[in-house]
Amino acid sequence: MPDWINTQTLTTYALNAGTKILGAIALWIIGGIIINFIVRMTERSMTARQVDPTLIKYADSTIRVLLRIVLVIAILSVFGIETKEPDEWDVKAEATTDRWTAILDRSLERLFERQQRVVTEKALGAKARKALAAGTLSAATVFDLDVWNKQMDEDIRPVIAGIVTEAANLAAEQTGEPVDLNDPAVQQYLDDQVARVQKANETTRAEIATAIQTAQAFSGGTEEDRHLLLKAAVVATFLHLLNSRRRTIAEHEAQTAYNAGTYISGEQAYGRTGGDGSNVTFTKTWVSMHDSRVRTAHRGLDGKSVRFDEGFTVGNQVLRFPGDPLAPPELTINCRCRLRWSKS
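The structure contained in this document is the topic of the report that follows.

Rules used throughout
Residues numbered from 1 in each chain as written. Predicted model: local features only at pLDDT ≥ 70, side-chain atom pairs only at ≥ 80, totals over all residues. Heavy atoms only, no water. Phe/Tyr/Trp six-rings, centres within 6.5 Å; stacked < 30°, edge-to-face > 60°. Buried < 20%, exposed > 50% of the residue type's maximum accessible area, 1.4 Å probe, protein only. Patch = residues over 30% accessible without salt bridge, like charges linked within 9 Å, V, L, I, M, F, W, Y side chains within 5 Å. Areas by Shrake-Rupley, 256 points an atom, 1.4 Å probe, with all protein chains shown as cover. Salt bridge = Lys/Arg side-chain N within 4 Å of Asp/Glu carboxyl O. Helix = DSSP H or I, 4+ residues; strand = E, 2+ residues; numbered from the N terminus. Contact = heavy atoms within 4.5 Å. Pairing = 2+ DSSP bridges.

### What to know about the packing of aromatic side chains
Applying the stated criterion across every chain, the model contains 9 aromatic pairs. Both rings, one in Phe-143 and one in Trp-148, keep their centres 6.4 Å apart while their planes meet at 40°; by these two values the pair is tilted. Judged on exposure class, the residue Phe-143 and its partner Trp-148 are both buried. Consider the rings of Tyr-263 and Phe-321, whose centres lie 5.1 Å apart with planes at 40°: the pair is tilted.

If you want it as structure tokens, here you go:
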């Protein structure tokens, strides 16, 4: 069991779920009784007024259906399932992250395609073939981590900066609090997130290293067989990178950058007016996607609000916001949760 899922977390979640289920059952039973009572009273009133029986029957059915709909909505709310229309903040957040996800996805695609061409040429060229035969071929020979990290920084940092900037400006517009994007903390955040994105290069190099080791260890064939085995493994590595990992990285990092921009705007506003003993209270709220894909650790945080200078506690970790690049990967990878903040 992962260390961030402890007994207390599971117990708390089970108790919350059990309470919600019991509440839903009770609400369904009591709601049904109330609906039947209202329908009977309506029927008696209309009968006393000598309303046509057909109209009475139609009215009874209509009232029963409408009240059942209200009851179902009430039960869904017990489980935290939103049935109201999303507000302006949610609409803008979704539209912005979707647009930037597409931009980041395309930027990563261009980078990874270039990476594929260069690495494949180096791994399968004449020099690499001789080194493979001699057992001296290494991942560092065909995949220069420093070079690709530098390339990723140049290609991806501007996109992440664009997301952070737009999110911070949107939050400033919605809250009336200005934001300074030249603050050194913004640059530090960009450094943190770019460093996390660069771990994708570490994963790719590790897979290339495994492919080389497997080909070199293959003793049941000829030099040509080992070369073909390495070629197949390299092709598979980049197919997975381009067709699966790329999109996952784009979705995750775009959402994280958006949350970071929101967080930065709130942090600056709190620093100006909320942290000096004034009567202004700043809070930040964790908002999940309310579906089955939300991890258990995050489902329990949905709707939770804390003071802005506090963090969201998950197990023994504290996150500044959903997707926090300083948090352990198991708490952030594929996280689609959003951050909101407010003042009062």
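### Focus: a nonpolar patch on the surface
Taken together, the side chains of Ile-21, Leu-22, Ile-25, Trp-28, Ile-29, Ile-30, Ile-33, Ile-34, Phe-37, Ile-38, Met-41 and Val-72 present a nonpolar region at the surface, about 1,100 Å² in accessible area. Per element, the largest residue contribution to the nonpolar patch is 11 residues, and it comes from helix α1 (residues 7–48). Secondary-structure assignment places Ile-29 in helix α1.

### Thoughts on the side chain of His-252
As for its position among the elements, His-252 is in helix α9 (residues 223–274). On the basis of relative accessibility, which here comes to 4%, the residue His-252 falls in the buried class. If we skip the residues at most four places from it in the chain, His-252 touches Arg-196, Gly-323, Thr-332, Ile-333, Asn-334 and Cys-335.

### Some words on the pairing of strand β1 (residues 282–287)
Within β1, 5 of the 6 residues are buried, which leaves it mostly tucked inside the rest of the structure. Of the strand pairs in this sheet, β1 and strand β5 (residues 338–343) are connected by 6 bridges, and their pairing is antiparallel. What sits directly across from Val-287, in β5, is Arg-338. Sheet topology note: the β1/strand β2 (residues 305–307) ladder contains 3 bridges and is antiparallel. Bridge pairing in β2 places Lys-284 opposite Val-306.

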